[in-house]
2 protein chains.
Amino acid sequence: MSTKHFFPSTDGVVVLGLEALVARNNHLELDVANKVVHSKTHDRSKVSVISGGGSGHEPAWSGYVGDGMLAAAVNGEVFASPSTKQVMAAIKHAPSDAGIILCITNYTGDNLHFGLAREKAAGMGHKVAILRMTDDVALGRKQTENTGRRGLAANMFVLKLCGAAAEFGYDFEKCMIIGEAVNANAVTVGSSLDHCHIPGREHHRSVPDNTYVLGMGIHNEPGLHEKSPMPPVEEIVSDMLKYCLDSNDKDRAFVEFKPGDVVCLLINNFGGMSDFETEALTTVSRKVLEKEWKMKPTRIYQSRFETSLNAPGWSISLLNVSGIERTSGTSVYTLLHLLDSDTKAPAWPKNGYREIRAPKTATSVGAEGTQEEAKQKSPQIDPANIEAGLRSACAAAIKAEPDLTKWDVQMGDGDCGEAVESMCKNIVKTLDTGLCKSGALFSILDEIEVAVEEIGGTLAAIISIILASWTSNLKLAFAKDEGGFEMDIHRASRAAGRALQSLMGYTSARQGGRTVMDALIPFCETLEREGDLGKAVEAAEEGARGTGGMKAKFGRATYVGEQSAEAQAGAPPDPGAMAAAIFLRGLLEGMQK
Amino acid sequence: MSTKHFFPSTDGVVVLGLEALVARNNHLELDVANKVVHSKTHDRSKVSVISGGGSGHEPAWSGYVGDGMLAAAVNGEVFASPSTKQVMAAIKHAPSDAGIILCITNYTGDNLHFGLAREKAAGMGHKVAILRMTDDVALGRKQTENTGRRGLAANMFVLKLCGAAAEFGYDFEKCMIIGEAVNANAVTVGSSLDHCHIPGREHHRSVPDNTYVLGMGIHNEPGLHEKSPMPPVEEIVSDMLKYCLDSNDKDRAFVEFKPGDVVCLLINNFGGMSDFETEALTTVSRKVLEKEWKMKPTRIYQSRFETSLNAPGWSISLLNVSGIERTSGTSVYTLLHLLDSDTKAPAWPKNGYREIRAPKTATSVGAEGTQEEAKQKSPQIDPANIEAGLRSACAAAIKAEPDLTKWDVQMGDGDCGEAVESMCKNIVKTLDTGLCKSGALFSILDEIEVAVEEIGGTLAAIISIILASWTSNLKLAFAKDEGGFEMDIHRASRAAGRALQSLMGYTSARQGGRTVMDALIPFCETLEREGDLGKAVEAAEEGARGTGGMKAKFGRATYVGEQSAEAQAGAPPDPGAMAAAIFLRGLLEGMQK
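This one's a predicted model, so the numbers in the text were calculated from it and none came from an experiment.

Conventions we followed
All residue numbers refer to positions counted from 1 along the written sequence of the respective chain. Each chain is given a letter, starting from A, and each ligand a number, starting from 1, according to the order in which they appear as written. A pLDDT threshold of at least 70 governs which residues receive local features in this predicted model, and a stricter bar of 80 or more applies before side-chain atom pairs are shown or counted, although totals over entire chains, interfaces and linings include all residues. Where side-chain values are given, they derive from all heavy atoms of the structure, hydrogens and water being excluded. We superpose the copies by least squares over the C-alpha atoms of residues that have a pLDDT of at least 70 in both of them. Contact definition: two residues touch when any of their heavy atoms are within 4.5 Å. What makes a salt bridge here is a side-chain nitrogen of Lys or Arg within 4 Å of a carboxyl oxygen of Asp or Glu, nothing more. Whenever two N or O atoms come within 3.5 Å, that pair is a polar contact, provided that in protein one can donate a hydrogen and the other can accept it, and provided that, for residues adjacent in sequence, both atoms are side-chain atoms. Ten residues, namely Ala, Val, Leu, Ile, Met, Phe, Trp, Tyr, Cys and Pro, are considered nonpolar, four, namely Asp, Glu, Lys and Arg, are considered charged, and the remaining ones, Gly among them, are considered polar. In DSSP terms, a helix is any run of H or I states spanning at least four residues, a strand is any run of E spanning at least two, and both are numbered starting from the N terminus. UniProt positions are given in the numbering used here, feature names are shortened, and annotations may be inferred rather than shown by experiment. Only protein chains enter the accessibility calculation, which uses a 1.4 Å probe; a residue is then buried when its area is under 20% of its type maximum, exposed when over 50%, and partly exposed in between. Here a strand pair is declared whenever DSSP counts at least two bridges between the two strands. Angles run from 0 to 180 degrees between N-to-C directions of axes, and those axes are lines fitted to C-alpha atoms, restricted for helices to the stretch in contact. A helix is expected to reach a length of 1.5 Å times the quantity of its residues less one.

## Topic: the relation of the copies chain A and chain B
You can overlay chain A on chain B at an RMSD of 0.1 Å; the transform is a turn of 180° with a shift of 0.0 Å along its axis. Look at the turn and shift together and you get a two-fold axis relating the two. Judged by C-alpha distance, Gly272 of chain A is the residue of chain A that lies nearest the rotation axis, at 2.4 Å.

Laid out in structure tokens, this is it:
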């Protein structure tokens, strides 16, 4: 567990955070003294849904304030309930003639302070009720008979559905019935790799390596049990789902799920998990749910809904929408409509479940692919000559592999010789299919390019680019000038000059940088200027040999802040540049035979 | 740096993650083989904006696919460019008759693979261009003259504005001009407490304690420099902003900011920061920007826009909208309109900058507060009697403080005696203001309740709740029956029974649990049943004394998974219960005098 933070303590941090939320949402207002965020646009003819609790769970709960969800949220200090005075302020900021629902997680401090506020508000003549959110299934009935179950991330479903019902103008009783039914049909279980750490507080015990905690809460409460070594992720998910769904677990089985019930899945990131892993865990959860429980969730949500600061954990929540229908009498259709309805609350995800319409012009244009798929027109060249050239070039470069490797081991990561050999062998393999027989220049060039590109890596990418660009330039000239086009050294030279320009747009490497460019630049420039392949090859060779003793300048190493300036005199030539020169010499010799 | 993960390596994780994104967004489709996420609704008469790069930066870039932003995104493995073949697939999935813009961050692999794809696509007849995003200012001109600057989180501005321009039907050239102008007017600098860790890879060097890195990139590249000890957060922000804005830093000063320019601020969480801290850093950034640079950002964004797995870092980006106007000729008004326009892209934040309308019925109802603020009607009681009772009760409880403390030190956290003393002293202070003189029962009760509540803590909350609830019940009876209402022991007893019921709704503690409830429950039940204050006080005393030797059952300790079952025989009585009994005895005696 990292105990590093930008803020040395939590002093003042809650308000700074709420100020940021409100600064970028015109519909929100902050009562600084009471740490209450409320909606400026709440319509008092509608039920006010209010929530809150300790801070450290951002975006909960202030991120859920906005039409269609909460009218106000009240925030305590980190992991500490807001006071009754703060809750009273929230009630005052979210007035309603239809009634006020205080949605709270079932922790001791929240129960008391929101409870007292309810009593006081009722004494002032408000219609006000408390709705307890209690979806945790990590602890069974026996362990929670006194305190009740905890509220975890499924309380987002209560806030969304209750808030949407209020927005749709449902009366107080109906909002309460729906809210209670949502809670009664929701289950959550969390698991985590470690605890979170509160800025400025003492270090909590770390969870050991190769161990995870099942049933972790969101306030560093110990979980149900630790498991070590880490099982495969599918097993972890399978275990978590059993706590949610196993009807034979008599101490749990808090919610009945019948075959065919409409369910929603919600994955909550505790705050410190990468989205990279959490997104993947969402898919694993979906797949295990389908495989082991035959459930296909109708809606899936994944976000940081209710965090535990930066804890590296997550939770699975399931909502039985059919169960809510059975309990509340509100249809599944309406409930999904409420779930999907828009809300201004910034932290509720965008609705990804809208019906989509096909794009207006998608079918009107069928041109796509005609150039790619139809057999392309191409100038003809001498099949034997091009094949001899390519085979000679590949043979020369393959033969040079030991030298290339040796040089690269001295100055690089040692894989250059192997990469060159792979490219050339792949070209030979393509030639072996009878590629050149047609004599169709563009098909031959396209296939060679693909053979090089398939190898991957920087060198292959550079060779592919210059080859593809050279081909593109020839194709454009051919398309423009079809009747009069003849493939000769002048066409080839002009296209080489342009291809070099394109390539230099994609790499910042230039002459003197100890890369393949030390061969390619003089080659193309000489070819363009002289229209003579022999002179161009000589220029490439000269450039390549000149890389001996040069210092590397390009690549990600140069992003390093304070670069060590090692002297590199006496270095061998750059293997990439040498490979290019050797290949080009081989090409020339093969074509001259 | 934590090296713990749920996935043992990155094998297959990229696709699992993309599947989750697509599963919950109807408008998205996934080409699994090529790791391309594309929009199903892209209109090919509009420019296609495509982006992509290595994975590990989620939600970038697939989370930005949707009308109004990207037509497709292409994903490599973690921190590795996608191949040219993958980029070609993205181009194929996002066809456009208006042209294709490939927005890429300026890393070597991306330059080459997207570059090659551009060449190939151009050869097929596509109108296609590359737009390089290069907003980093950590490294100056000298260090980046060869490789160019890196793309960091401000590239979100390029994607949003270019994508919105495409959605609005702007032509290819205009989209490119806007995109290039956005990039030319954007700056970003990052800072981090540590590196990120890639599942299954070797451990990277950790950043030492009490140290942060300025200029950290999003691929674990070393930053510009490390600073230790950690300065105050305002200093860190101040330092970061200098890199972005100092026009005297000739090696940087990449973007000109003139007085009065319209600017936007974007705070990017690298993935492992808590929202608690990142939101607060957003406000600190806004304030330092205003104080030191006289800039008030017109738009503020804060999210995990472009992460570095779970790195505990963040970046500040600034966009000069007036600068874009000067460069591109598109007005600030239009640019803000493009920024604020809706997009289906799930990861772009909801627009929090809409004009808000006042709620329909906000002003039509003025009733709010009449009951609270107007002088309330109240039954009259004997001022001397109530004052004597309360002073006697407080004196008795204050006198008992040493015993209460002694008992609580043995079994609890030792602060009970002090809490009781504070409550009573606060009540006495209120009485000293002449509270009882009016004889207005409800005002007296309300003030006493506030005096108790102000002390905070669980015991004060419980006493406040039962008192507030008792008062509320009396108020409701009075409102219903004003003419015939007389405050007597029968009214008091009935209200006490109801108040107890309310209280039991907020705490799960019951008799036998070693809490104040062991006094309050018998007190209220006896009072309700017998209508006799003396008998009720005796019942409270008996209940309180009975807590000696009891085991605690309530509070957050009971959420612990495997609870130790220590025997607690021989324990002293519960100090809370005893305090209540002593207070009530004192009240009775004072009123009888």
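Having seen it, we continue.
## A look at the interface of chain A and chain B
Contact with chain A, which involves 147 residues of that partner, is made by 146 residues of chain B. At the junction of chain A with chain B, the criterion picks out eight salt bridges. Between Glu279 of chain B and Arg24 of chain A there is a salt bridge, with the nearest N and O atoms lying 2.8 Å from each other. At the surface where chain A touches chain B, the tally comes to 51 residue pairs in polar contact (both at pLDDT 80 or more). For the side of chain A that touches chain B, the class distribution of residues is 57 nonpolar, 54 polar and 36 charged.

## Observations regarding the environment of Phe79 of chain B
Looking at where Phe79 of chain B falls in the secondary structure, it is placed in the loop between β4 (72–78) and α2 (84–93). For the pair Phe79 of chain B and Leu309 of chain B, spaced 230 residues apart in sequence, the C-alpha to C-alpha distance is 9.7 Å.

## Here we look at the UniProt feature "binding site: substrate" (unreviewed entry) in chain A
Residue and element names in this part refer to chain A. According to UniProt, the positions carrying the feature "binding site: substrate" (unreviewed entry) are Gly54, Ser55, Gly56, His57 and Asp110. Among the structural elements, His57 can be located in the loop between β3 (48–55) and β4 (72–78). Here His57 is in contact with Phe79, Ile218, His219, Phe305, Glu306, Thr307 and Ser308, once residues within four sequence places are set aside. Of note, Asp110 is situated in helix α3 (residues 108–123). The exposure class of Asp110 is buried, given its relative accessible area of 5%. Not counting residues within four places of it along the chain, the set of residues in contact with Asp110 comprises Gly53, Gly54, Ser81, Pro82, Ile104, Thr105 and Gly115. A distance of 3.4 Å separates the side chain of Asp110 from the side chain of Thr105, its partner in a polar contact.

## Considering the sheet that holds strand β6 (residues 128–133) of chain A
All names here are of chain A. If you walk across this open sheet you meet the six strands as β1-β2-β4-β3-β5-β6, and the pairing is mixed. Strands with a single pairing partner mark the edges of an open sheet, and in this sheet they are β1 (28–31) and β6. This sheet shows a mean twist of 20° between the axes of neighbouring strands, independent of strand direction. As paired elements, strand β5 (residues 100–105) and β6 share six bridges and run parallel to each other. Paired with Thr105 across the strands is Met133, a residue of β6.

## Looking at helix α4 (residues 155–167) of chain A
Residues and elements named next belong to chain A. Helix length check: α4, at 13 residues, gives a terminal C-alpha distance of 18 Å against a target of 18 Å (1.5 Å per residue), a fit within 8%. Of all 13 residues that make up α4, 12 are buried, and the element is covered over most of its length. For α4, the full list of buried residues reads Asn155, Met156, Phe157, Val158, Leu159, Lys160, Leu161, Cys162, Gly163, Ala164, Ala165 and Ala166. Gly169 lies just past α4 and shows a positive phi near 85°.

## Notes on the sheet that holds strand β10 (residues 263–269) of chain A
Residue and element names in this part refer to chain A. Pairing is mixed in the open sheet, where six strands are placed in the order β9-β8-β7-β12-β10-β11. The outermost strands of the open sheet, each flanked by one partner alone, are β9 (225–227) and β11 (299–303). Adjacent strand axes in the sheet meet at a mean angle of 20° when their direction is disregarded. Where strand β7 (residues 186–192) lies against strand β8 (residues 212–214), two bridges are found, and the strand directions are antiparallel. Paired with Ser192 across the bridge in β8 is Val213. The strands touched by helix α9 (residues 332–340) within the sheet are β10 and β11, with β11 carrying the most contacts at an inclination of about 25°.

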